[in-house]
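For reference, the chains in residue letters:
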Amino acid sequence: MPRNDPTDTGGLFIGRRPGTAPLRYRGTPVRAGGFRRRFDSALATAILVVETLLCATLWGPQPLGWLWVGSQVDYQTGSVTLGILSAFAGMFTTLFLTLALAKRLDHVWQLVRRAAGHDQRKGVLDRIFVVSIAIAGTGFLFWFLIIAGPGPTLAPRQ
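So, how was this worked out
Residues numbered from 1 in each chain as written. Predicted model: local features only at pLDDT ≥ 70, side-chain atom pairs only at ≥ 80, totals over all residues. Heavy atoms only, no water. Helix = DSSP H or I, 4+ residues; strand = E, 2+ residues; numbered from the N terminus. Buried < 20%, exposed > 50% of the residue type's maximum accessible area, 1.4 Å probe, protein only. Contact = heavy atoms within 4.5 Å. Expected span 1.5 Å × (residues − 1). Phe/Tyr/Trp six-rings, centres within 6.5 Å; stacked < 30°, edge-to-face > 60°. Salt bridge = Lys/Arg side-chain N within 4 Å of Asp/Glu carboxyl O. Core = buried A, V, L, I, M, F, W, Y, C linked by side-chain atoms within 4.5 Å. Patch = residues over 30% accessible without salt bridge, like charges linked within 9 Å, V, L, I, M, F, W, Y side chains within 5 Å. Areas by Shrake-Rupley, 256 points an atom, 1.4 Å probe, with all protein chains shown as cover. Axes fitted to C-alpha atoms, helices over the stretch in contact; angles between N-to-C directions. Parallel < 35°, antiparallel > 145°, perpendicular 65-115°, else oblique. Left-handed = near helix turned anticlockwise from the far one by under 90°. Nonpolar A, V, L, I, M, F, W, Y, C, P; charged D, E, K, R; others polar. pLDDT = per-residue confidence, 0-100.

### What to know about the overall build of the protein chain
Line of reasoning, step 1. Helix and strand counts for the protein chain come out as six helices and zero strands.
Line of reasoning, step 2. Reading the protein chain from its N terminus to its C terminus gives the helix and strand order α-α-α-α-α-α.
Line of reasoning, step 3. In the protein chain, which comprises 158 residues, the share counted as buried stands at 21%.
Line of reasoning, step 4. A fraction of 59% describes how many contacts in the protein chain between residues 6 or more apart in sequence connect residues 24 or more apart.

Encoded structure:
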């Protein structure tokens, strides 16, 4: 059997780069005592809540905050271009920093779940991200179509 499968070699045909070996988990995690397991489960739940709130800030508070900063830059400098540039640079910077922090929290969540005795091999960040997009998109559509958009003009005025 040739040893040039990309999953075997880390994407290289020569050999594996250091630190790219597939993760090998032990068997089923050892269950600790009752208090320790409950504590680890509560800690995992708290980490999951923080991770969810962190992802939820991507769709409302962070962009609004950076739009406000951009408007202040525009007001202080008189340059619309500089205001837009600062708002977008800030949005992208905090977006990437937030996702990096969420990825690290997701890894910690996996470790804490395994410490609690669960066979946790994958994170939940992708599902949290999709759910936060769905919630933010639904909220935006409600606001756009019902509150601020064409909703009131569809009904007769008299």
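### Re helix H3 (residues 61–77)
Line of reasoning, step 1. With 17 residues, H3 extends 24 Å from end C-alpha to end C-alpha; this agrees with the ideal 24 Å at 1.5 Å per step.
Line of reasoning, step 2. Remark: Gly 78 follows H3 within two positions and exhibits a positive phi of approximately 75°.

### Observations concerning the packing of aromatic side chains
Line of reasoning, step 1. What the rule picks out here adds up to seven aromatic pairs.
Line of reasoning, step 2. Taken together through their ring pairs, the aromatic side chains of Phe 88, Phe 92 and Phe 96 make up a single cluster.

### Regarding the pattern of salt bridges
Line of reasoning, step 1. Counted under the stated rule, the structure contains one salt bridge.
Line of reasoning, step 2. Across the pair Arg 36 and Asp 40 runs a salt bridge, and its minimum N-O distance is 3.3 Å. Here Asp 40 and Arg 36 lie together in helix H2 (residues 34–56), a separation of four residues that amounts to about one turn.
Line of reasoning, step 3. Look at Asp 40 and you get buried, because its relative accessible area is 6%.

### With respect to the nonpolar core
Line of reasoning, step 1. If you look at the biggest cluster of nonpolar residues, it comprises 11 residues: Ala 44, Ile 47, Leu 54, Cys 55, Ala 102, Leu 105, Trp 109, Val 112, Val 124, Leu 125 and Ile 128.
Line of reasoning, step 2. Of all the elements in the fold, those that place two or more residues in this core are H2, helix H4 (80–115) and helix H5 (125–148).
Line of reasoning, step 3. Contacts of Leu 54, omitting those with residues within four sequence positions, involve Thr 98, Leu 101, Ala 102 and Leu 105.

### Some points on a nonpolar patch on the surface
Line of reasoning, step 1. Side chains of Phe 140, Leu 141, Phe 142, Trp 143, Phe 144, Leu 145, Ile 146 and Ile 147 sit close together on the surface and give an oily, nonpolar patch of about 820 Å² of accessible area.
Line of reasoning, step 2. The residue Ile 147 is located in helix H5 in this model.

### Here's the deal with the environment of Ile 135
Line of reasoning, step 1. Here Ile 135 lies in helix H5.
Line of reasoning, step 2. Accessibility expressed as a relative area gives 59% for Ile 135, which makes it exposed.
Line of reasoning, step 3. It is 9.4 Å that separates the C-alpha atoms of Ile 135 and Trp 59, two residues lying 76 residues apart in sequence.

### Let's talk about the environment of Gln 120
Line of reasoning, step 1. By the element assignment, Gln 120 lies in the loop between H4 and H5.
Line of reasoning, step 2. When its relative accessible area of 11% is taken as the criterion, Gln 120 is described as buried.
Line of reasoning, step 3. Separated by 11 residues in the primary sequence, Gln 120 and Trp 109 place their C-alpha atoms 9.2 Å from one another.
Line of reasoning, step 4. With residues near it in sequence (within four places) discarded, Gln 120 still touches Trp 109, Gln 110, Arg 113 and Arg 114.

### Considering the packing of H3 against H4
Line of reasoning, step 1. Relative orientation of the contacting elements H3 and H4 amounts to 155°, with a least axis distance of 7 Å. Between H3 and H4, the angle falls in the class roughly antiparallel. Between H3 and H4 the crossing geometry is right-handed. Contacts from Gln 62, Pro 63, Trp 66, Leu 67, Gly 70, Val 73, Asp 74 and Thr 77 of H3 reach H4 at Val 80, Leu 82, Gly 83, Ser 86, Ala 87, Gly 90, Met 91, Thr 94, Leu 95 and Thr 98.
Line of reasoning, step 2. Residue classes in the contact of H3 with H4 are distributed as nine nonpolar, eight polar and one charged.

### Focus: the confidence of the model for the protein chain
Line of reasoning, step 1. Confidence in the prediction of the protein chain, expressed as mean pLDDT, is 83, and 74% of residues score 70 or more.
Line of reasoning, step 2. Mean pLDDT in the protein chain bottoms out at helix H6 (residues 151–154), which sits at 56, and peaks at H3, which reaches 96.

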